[in-house]
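Given next are the chains, with one letter for each unit.
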Amino acid sequence: MPEGHTLHRLARLHQRRFGRAPVLVSSPQERFAEGAAAVNGRILKKADAWGKHLFHHYEGGRVVHVHLGLYGTFTEFHLPPPLPVGQVRMRMIGAEYGTDLRGPTVCEVITEPEIGDIVARLGPDPLRRDADGSLAWERIRKSRRAIGALLMDQTVIAGVGNVYRNELLFRHGIDPYRPGTSIDEDEFKAMWTDLVELMKVGLRRGKIIVVRPEDDHGPPSYAPGRPRTYVYRRAGEPCRVCGTEIRTAVLEGRNLFWCPTCQK
């Protein structure tokens, strides 16, 4: 599932490609036909994101709300547009570029006031200028759930996915099974500050870069073209810092990775 920086990058890209001009919107798959018709030919005023939610704001107060989920992707193309391939939920065509959306969990038209209802269910987004980390801290310090689960809870912090969750806990030497009530305020503030900076790097570079330069050596990344990680998808491999075997387990339905020596 794409993490929050990916949605913010998409919002910036769509703003550059389609913003402040009329956009042709269609649904070759026809599952979004009514919604596409509601915004087709209207001016895209703004594209922005909150956590893993993308919003296209069109003139007239209508908003296309997209949540990519596990399988959703946007594919960009130059004009003239090619024939749609596969199940294209939404196609956008501007002056020079177009993009196809496939496989999202959510693709719907809502009104501007309804955005508030969605955001109200989310925690602060580290990539937004108005993000207030203290709201996340208030939820964490009162919960006995494992911190490894709390960081993935979008009502606590919006935009954190499995990579940032695992890597952040390693960088701060925190056992992922510690309950939220055991995390002190200084620990949280350090994690929040680090998370903001890491996600800004991800937004700027389009890659999740978490390994410090002095540790960026040894076994390659878990996949070609991906930067190295400390623990994510490295189960059974030696820790880049201490050499201990990285462990894995399932926590609330998602794979967890940690070093039992560095994260006591």
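What you are looking at is a predicted structure, and each value in this text was computed from that prediction instead of being measured.

1. A few points about a positive patch on the surface
Stage number 1. Together, Arg9, Arg12, Arg16 and Arg129 make up a region of like positive charge exposed at the surface.
Stage number 2. Inspection of the secondary structure puts Arg9 in helix α1 (residues 4-18).
Stage number 3. Residue class for Arg9 comes out partly exposed when judged on its relative accessible area of 36%.

2. With respect to the sheet that holds strand β2 (residues 44-50)
Stage number 1. Spatially, β2-β3-β4-β8 is the arrangement adopted by the 4 strands of the open sheet, whose pairing is antiparallel. Edge strands, defined here as strands with exactly one partner in the open sheet, are β2 and β8 (106-111). Looking at each pair of strands side by side, their axes are set apart by 20° on average, direction ignored.
Stage number 2. Pairing between strand β4 (residues 62-67) and β8: 6 bridges, direction antiparallel. Each bridged residue has a counterpart across the sheet, and for Val63 the counterpart in β8 is Ile110.
Stage number 3. Relative to the sheet, helix α3 (residues 112-120) contacts β2, β3 (53-58), β4 and β8, its axis offset from that of β8 by approximately 125°.

3. Thoughts on the layout of surface pockets
Gaps left between atoms show up when a probe the size of a water molecule is rolled over them.
Stage number 1. The calculated volume of the largest pocket comes to roughly 650 Å³.
Stage number 2. Breaking the lining of the largest pocket down by element, the ones donating at least two residues are α1, β5 (73-78), α6 (162-171) and β10 (254-258).
Stage number 3. If one sorts the elements of the lining of the largest pocket by residue count, α1 sits on top with 4 residues.
Stage number 4. Tallied by class, residues from the lining of the largest pocket come to 12 nonpolar, 10 polar and 7 charged.
Stage number 5. Estimates place the volume of the second largest pocket at around 450 Å³.
Stage number 6. In this structure, the second largest pocket is lined by 14 residues; those nearest its centre are His8, Arg12, Leu127, Arg128 and Arg129.
Stage number 7. Within the residue set of the lining of the second largest pocket, elements represented by two or more residues are α1, β2 and α7 (185-205).
Stage number 8. Of the residues contributing to the lining of the second largest pocket, the split by class is 5 nonpolar, 2 polar and 7 charged.

4. Comments concerning the UniProt feature "domain: FPG-type" (unreviewed entry) in the protein chain
Stage number 1. The residues that UniProt annotates with the feature "domain: FPG-type" (unreviewed entry) are residues 230-264.
Stage number 2. The span residues 230-264 is 0% helical and 29% strand by assignment, and the distance between its end C-alpha atoms comes to 15 Å.

Conventions used here
Residues numbered from 1 in each chain as written. Predicted model: local features only at pLDDT ≥ 70, side-chain atom pairs only at ≥ 80, totals over all residues. Heavy atoms only, no water. Patch = residues over 30% accessible without salt bridge, like charges linked within 9 Å, V, L, I, M, F, W, Y side chains within 5 Å. Areas by Shrake-Rupley, 256 points an atom, 1.4 Å probe, with all protein chains shown as cover. Salt bridge = Lys/Arg side-chain N within 4 Å of Asp/Glu carboxyl O. Lys, Arg positive; Asp, Glu negative; His and termini not counted. Charge placed at Lys NZ, Arg CZ, Asp CG, Glu CD. Helix = DSSP H or I, 4+ residues; strand = E, 2+ residues; numbered from the N terminus. Buried < 20%, exposed > 50% of the residue type's maximum accessible area, 1.4 Å probe, protein only. Pairing = 2+ DSSP bridges. Axes fitted to C-alpha atoms, helices over the stretch in contact; angles between N-to-C directions. Contact = heavy atoms within 4.5 Å. 1 Å grid on protein atoms, 1.4 Å probe; cavity = no way out; pocket = protein on both sides within 12 Å on 5 of 7 lines; lining within 4 Å. Points joined across faces, edges and corners; volume = space filled by probe spheres on them. Nonpolar A, V, L, I, M, F, W, Y, C, P; charged D, E, K, R; others polar. UniProt positions renumbered as here; feature names shortened; annotations may be inferred.

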